[in-house]
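Here is how the chains run, residue by residue.
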Amino acid sequence: MKKWILLLVLLGALGGIMFWLSGQTQTRIEKNDNYTDSLAEFRKDTVERTKEQEMELLLNGISLKNFGYRVRVTDNLQVLCQGRMLQDVMGCSILRSANGDVTIERGTTTILLRQGSVKAEIDGQKVTLATPYQYDINEQMLYLPVSSLMNAMGYRVMVSYAENQVNFEEITPTDPLPSRYDMREKGRVTPVRDQGRYGTCWAFASLGALETTLMPYEENVYSTDHMTLNNSYRLDVSAGGEHTMSIAYLAAWQGPVYEEDDPYGDGKTVEGLSAVKHLEEAIVIGERDDEIIKGAIYRYGGIETSLYLEMEYISYDSQYYNVESAAYYYPGTRKPNHDVVVVGWDDDFPKEKFSIQPEHDGAYICKNSWGEEFGDGGYFYVSYDDVNLCGQSIVYSRLEDADNFQHIYQSDLLGWVGELGFGKTEAFFANCYVPERDESLEAVSFYATGPRTTFSVYYVPEVNRPEDLADMKFLVSGETRYAGYYTVKLPEPPELTEGQKYAVVIEIDTPGSKRPIAVEYAADERSAEADISDGEGYISLYGKLWNSAEEAGCNICLKAFTNDRKAVKGPEEETESEE
């Protein structure tokens with residue numbers, strides 16, 4: 001009974017409180033008069049802070065700062081990330097068309113962005129973004145509004161301005177690669193060429209892969225004649241070649257040039273032509289890994305690789321080749337003898353279509369250089385089980401306009417011929433150069449001889465003797481995922497003085513390597529013309545004591561890229577110019 005009395009008392013009290021509240025004026029939170037101004041000031045300060053101090057990118061809480069990806073924050077606090085980060089880390093395919101449209105693909109998701117517009121499409125559904133994408137002409141880099149896009153790709157974007165971080169957290173794990181991908185259907189290949197009876201398949205494969213890098217935004221056909229006749233190896237067109245020669249030719253700014261300026265097959269070259277593009281990065285995948293290879297094609301472009309072809313040019317008769325299905329499978333022990341471009345794959349390509357049936361379904365789609373009459377309009381399908389294909393794969397992953405830097409300093413025209421080191425994974429190496437005018441050091445390039453290489457870049461303002469190299473000044477550090485050729489742009493370019501010798505220094509650590517430094521030297525008949533008299537390079541284990549590379553018979557593969565320094569006018573000059 002007491003319980004019921006207590007309950008009635010409580011209910012009565014509650015009813016009285018509700019009656020009293022009903023008689024009060026309704027309250028609400030109102031914005032302070034200074035709210036709008038304070039918010040604008042906060043946004044302005046935040047944007048300025050992110051410009052002064054780069055925001056750190058994280059993937060599932062793991063920092064990506066070693067890879068140098070950059071972030072932009074708009075005035076309304078929308079985050080844009082470099083498209084390169086979405087390619088490298090998320091495995092996205094990003095295609096920029098000539099009309100300014102940008103298509104982003106990941107697995108089964110397709111996103112279409114319009115230049116200068118917040119109107120977009122995600123899997124055919126129209127959406128409105130908070131901000132449009134940006135394209136930086138100076139950087140030649142896309143910046144994409146990730147806050148509006150990443151949820152469709154299975155990621156949540158979490159921004160902390162207090163910690164100056166952007167974290168991408170995967171919420172829906174998905175396979176970023178489709179089961180079938182064909183670059184022909186994406187407008188990412190140039191026309192099939194015909195090498196004739198010359199031994200130039202390596203050059204056709206190199207340039208065929210290179211040509212896909214900027215497509216479909218820009219379609220260029222580059223001169224094979226120029227590459228074969230103007231590289232520093234000085235080989236005959238019938239001698240054959242390989243990717244190290246191609247990378248060296250491109251990295252040295254010897255090419256590429258347009259096919260129309262130096263046509264193929266006339267047995268001569270046009271001298272005095274300048275490179276129309278500059279290679280900034282070439283990835284070397286040193287062993288067969290189908291997920292890595294497919295991902296590289298999807299993200300960056302066609303792959304230059306080699307295989308053993310039993311049939312010869314024009315004659316397609318081989319027990320390993322099915323003419324009707326243009327399918328090839330070689331299970332034997334012969335080494336590669338021919339280079340092609342891999343432009344796609346089909347996981348469901350039937351194994352029954354091969355003359356000799358492999359164990360598994362699936363094939364890579366390869367572009368050959370035997371004209372359109374060969375295979376499927378110049379293409380053929382090579383079984384996943386082929387013993388040679390993609391044993392080593394090269395991707396020309398970054399190509400920029402020829403005005404990205406004004407000057408190049410180098411002494412390694414043959415490129416990566418061999419390696420040097422101290423029996424450890426780490427080492428220092430340096431090259432000395434004398435600027436021809438007052439310049440700024442904008443970038444350096446070098447080779448990573450193995451995957452997961454970490455590096456730091458330094459420079460020495462004035463070098464009079466090798467001991468001066470110990471007085472190095474730090475510029476930037478980073479990491480590479482694969483072996484290959486890399487260009488590193490410097491965030492704060494040092495000023496160089498005309499005629500004053502300086503040095504570029506790299507500290508490198510390549511896991512699993514005992515000789516992590518790439519060098520040029522006369523290793524065989526092909527590289528016999530290596531000129532080591534044109535360089536001043538040094539190597540060191542700890543960066544204190546330095547040994548001459550030239551005395552060891554080689555040049556260090558380390559280039560410097562500069563721009564002219566703009567003259568600063570004094571007060572009198574400015575006054576005169578105004579008058």
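Up top you'll find the structure we're talking about.
Below: a short report on this structure.

This next bit is on empty space enclosed by the protein. All chains considered together, the criterion is met by 6 cavities of 30 Å³ or more. One number sums up the size of the largest cavity: a volume of about 110 Å³. For the largest cavity, the lining is made up of 16 residues, of which Arg 193, Phe 204, Ala 205, Gly 208 and Lys 367 are closest to its centre. When residues of the lining of the largest cavity are traced back to their parent elements, those giving at least two are α5 (201-211) and β19 (338-346). With 6 residues, α5 is the largest single contributor of residues to the lining of the largest cavity. For the lining of the largest cavity, a count of residues per class yields 7 nonpolar, 5 polar and 4 charged.

Formed by 82 residues in total, the largest nonpolar core has its most connected members in Ile 247, Leu 279, Tyr 328, Tyr 364, Phe 380 and Tyr 396. In terms of residues, this core owes the most to one element, α5, which gives 6 residues. Counting 35 residues, the second largest nonpolar core, distinct from the first, contains Tyr 69, Leu 113, Tyr 133 and Leu 149.

Turning our eyes to something else, we now look at helix α7 (residues 243-251). Burial of α7 is extensive: 9 of the 9 residues sit out of reach of the surface. At the exit of α7 stands Trp 253, carrying a positive phi of roughly 65°.

Take α5 next. α5 sits mainly inside the fold: 11 of its 11 residues count as buried. Considering only its buried residues, α5 is in contact with α6 (224-230), α7, β15 (277-285), β16 (303-307), β19 and β22 (393-401).

Bringing the packing of aromatic side chains into the picture now. A complete count under the given rule lists 26 aromatic pairs for this structure. With 6.2 Å between their ring centres and 85° between their planes, Tyr 313 and Trp 370 make a pair best called edge-to-face. Of the two residues, Tyr 313 is situated in the loop between β16 and β17 (321-322) and Trp 370 in the loop between β20 (363-367) and β21 (379-383); the sequence distance between them amounts to 57 residues. On the basis of relative accessibility, which here comes to 6%, the residue Trp 370 falls in the buried class. Aromatic rings pair up to connect Tyr 313, Tyr 321, Trp 370, Phe 374 and Phe 380 into one cluster. Above the face of the Tyr 135 ring, Arg 96 is positioned so that its terminal group lies 3.7 Å from the ring centre. One cation-aromatic arrangement involves Arg 481 over Phe 67; the distance from NZ or CZ to the ring centre is 4.0 Å.

Another aspect to go through is the pattern of salt bridges. Counted under the stated rule, the structure contains 29 salt bridges. In this structure, Glu 105 and Lys 186 form a salt bridge, with 2.9 Å as the shortest nitrogen-oxygen distance. Taken together, the residues Glu 105 in strand β6 (residues 102-106) and Lys 186 in the loop between β14 (180-182) and α5 connect sequence positions 81 residues apart. Of the residues examined, Glu 105 reaches a relative accessible area of 11% and is grouped as buried. Here Lys 186 falls in the partly exposed class, since its relative accessible area comes to 29%. A network of salt bridges, in which partner residues are shared, links Arg 180, Asp 182, Arg 184, Glu 185, Asp 346 and Asp 376.

The subject of this paragraph is a negative patch on the surface. The grouping of Asp 175, Glu 287, Asp 289 and Glu 291 at the surface amounts to a negative patch. Take Glu 291: it is sitting in helix α8 (residues 290-299).

Alternating residues of strand β5 (residues 93-96) divide into Ser 93 and Leu 95 and Ile 94 and Arg 96, and every residue in both groups is buried. Examined bridge by bridge, β5 and β6 share 4 bridges and lie antiparallel to one another. Note that in β6 the partner of Leu 95 across the bridge is Thr 103. From the end of β5 to the start of β6, which pair antiparallel, there are 5 residues, and Gly 100 there has a positive phi angle of about 95°.

This part covers the sheet that holds strand β9 (residues 125-128). Spatially, 5 strands are ordered β5-β6-β7-β8-β9 in an open sheet, and the strand pairing comes out antiparallel. What marks the edges here is a single partner per strand, and that holds for β5 and β9. Here the average twist between neighbouring strands, direction ignored, is 20°.

In this section: the sheet that holds strand β4 (residues 79-82). Ordered by their spatial adjacency, 4 strands build an open sheet running β3-β4-β11-β10, and the pairing between neighbours is antiparallel. Both outer strands of the open sheet, β3 (71-73) and β10 (134-136), are each paired with one neighbouring strand and no more. Adjacent strand axes in the sheet meet at a mean angle of 25°, parallel and antiparallel pairs treated alike. Sheet topology places β10 next to strand β11 (residues 141-145); 3 bridges connect them, and they run antiparallel. Bridged to Asp 136 within β11 is Met 141.

Turning our eyes to something else, we now look at the side chain of Asp 101. With respect to the helices and strands, Asp 101 occurs in the loop between β5 and β6. In this structure the side chain of Asp 101 is engaged in a polar contact, spanning 2.7 Å, whose partner is the side chain of Arg 114. The residues contacting Asp 101, other than those within four sequence positions of it, are Leu 95, Arg 96, Leu 112, Leu 113 and Arg 114.

In this section: unusual backbone geometry. Looking along the chain, the bond that leaves Met 215 and enters Pro 216 is cis, with omega of 5°. Looking at where Pro 216 falls in the secondary structure, it is placed in the loop between α5 and α6. Positive phi outside glycine occurs at Asn 164, with the angle close to 60°. Relative to the elements of secondary structure, Asn 164 occurs in the loop between β12 (155-160) and β13 (165-170). Exposure remark for Asn 164: the relative accessible area of 7% places this residue in the buried category. Even without a glycine there, the phi angle at Trp 253 is positive, about 65°. Tracing the backbone through its elements, the reader meets Trp 253 in the loop between α7 and β15.

Calculation criteria
- Residues numbered from 1 in each chain as written.
- Predicted model: local features only at pLDDT ≥ 70, side-chain atom pairs only at ≥ 80, totals over all residues.
- Heavy atoms only, no water.
- 1 Å grid on protein atoms, 1.4 Å probe; cavity = no way out; pocket = protein on both sides within 12 Å on 5 of 7 lines; lining within 4 Å.
- Points joined across faces, edges and corners; volume = space filled by probe spheres on them.
- Helix = DSSP H or I, 4+ residues; strand = E, 2+ residues; numbered from the N terminus.
- Nonpolar A, V, L, I, M, F, W, Y, C, P; charged D, E, K, R; others polar.
- Core = buried A, V, L, I, M, F, W, Y, C linked by side-chain atoms within 4.5 Å.
- Buried < 20%, exposed > 50% of the residue type's maximum accessible area, 1.4 Å probe, protein only.
- Contact = heavy atoms within 4.5 Å.
- Phe/Tyr/Trp six-rings, centres within 6.5 Å; stacked < 30°, edge-to-face > 60°.
- Lys NZ or Arg CZ within 6 Å of the ring centre and 35° of its normal.
- Salt bridge = Lys/Arg side-chain N within 4 Å of Asp/Glu carboxyl O.
- Patch = residues over 30% accessible without salt bridge, like charges linked within 9 Å, V, L, I, M, F, W, Y side chains within 5 Å.
- Areas by Shrake-Rupley, 256 points an atom, 1.4 Å probe, with all protein chains shown as cover.
- Lys, Arg positive; Asp, Glu negative; His and termini not counted.
- Charge placed at Lys NZ, Arg CZ, Asp CG, Glu CD.
- Pairing = 2+ DSSP bridges.
- Axes fitted to C-alpha atoms, helices over the stretch in contact; angles between N-to-C directions.
- Polar contact = N/O pair within 3.5 Å; in protein donor to acceptor, adjacent residues only side chain to side chain.

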